[in-house]
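Chain and residue survey
Letter by letter, the chains look like this.
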Amino acid sequence: MTTRYYIFYDSGLPNVGWFQACIGCDQVTSKLSLYKKTTLKTGEEAEIYSYLCISCKNNLQDVVFLKNYENACNEYIKDRLSQTLRLHETFV
Ligand SMILES: [Zn+2]
């Protein structure tokens, strides 16, 4: 079984919506980009998606943007998802 987790800029939109703020630029988007796939200690597969608008997705080729994007995703995972995922060793 695979569980999906989502990363987005905290804009106050309802957490259950199809639209969230892009992690790169905080514009509202429905576009998702697979950030990481991993296996939890429970053996469960996890896929972590980020909300990323089309222009930010294109910007991933830019080294500086990519670095900032990865930092933002890792911060989010550390702050918001690590307890849920029980992934401390894997991610931090
Ligand atoms: Zn964006």
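The structure displayed is predicted, hence computed values, not measured ones.

1. Some words on the coordination of the zinc ion
The coordination sphere of the zinc ion contains the protein donors Cys22 (SG), Cys25 (SG), Cys53 (SG) and Cys56 (SG), at a distance range of 2.3 Å. One can describe the site at the zinc ion as tetrahedral: its four donor atoms subtend angles covering 105 to 116° at the metal. When the donors of the zinc ion are listed by position in the chain, the intervening gaps give C-x2-C-x27-C-x2-C. One end of the pair, Cys25, is in the loop between strand S2 (20-21) and strand S3 (28-29); the other, Cys53, is in the loop between strand S5 (45-51) and helix H1 (54-59), and 28 residues separate them in sequence.

2. A look at the packing of aromatic side chains
All chains considered together, the criterion is met by five aromatic pairs. Relative to Tyr51, the ring of Tyr6 has its centre 6.1 Å away and its plane inclined at 50°; by these criteria the two rings are tilted. Taken together, the residues span a long stretch of sequence, with Tyr6 in strand S1 (residues 2-7) and Tyr51 in strand S5 at a distance of 45 residues. On the basis of relative accessibility, which here comes to 30%, the residue Tyr6 falls in the partly exposed class. Overall, the relative accessible area of 5% leaves Tyr51 in the buried class. An angle of 50° between the planes, with centres 5.9 Å apart, marks the rings of Phe8 and Tyr76 as tilted. Here Phe8 is found in the loop between S1 and S2, whereas its partner Tyr76 is found in helix H2 (residues 63-85), with 68 residues between them in sequence. Of the two residues examined, Phe8 and Tyr76, each falls in the buried class. Pairwise contacts between aromatic rings join Tyr6, Phe8, Tyr49, Tyr51 and Tyr76 into one cluster.

Conventions we followed
Residues numbered from 1 in each chain as written. Predicted model: local features only at pLDDT ≥ 70, side-chain atom pairs only at ≥ 80, totals over all residues. Heavy atoms only, no water. Donors = N, O, S within 2.8 Å, 3.2 Å for Na, K, Ca; no water. Tetrahedral: all angles 85-135°; square planar, octahedral: opposite > 155°, others 65-115°. Helix = DSSP H or I, 4+ residues; strand = E, 2+ residues; numbered from the N terminus. Phe/Tyr/Trp six-rings, centres within 6.5 Å; stacked < 30°, edge-to-face > 60°. Buried < 20%, exposed > 50% of the residue type's maximum accessible area, 1.4 Å probe, protein only.

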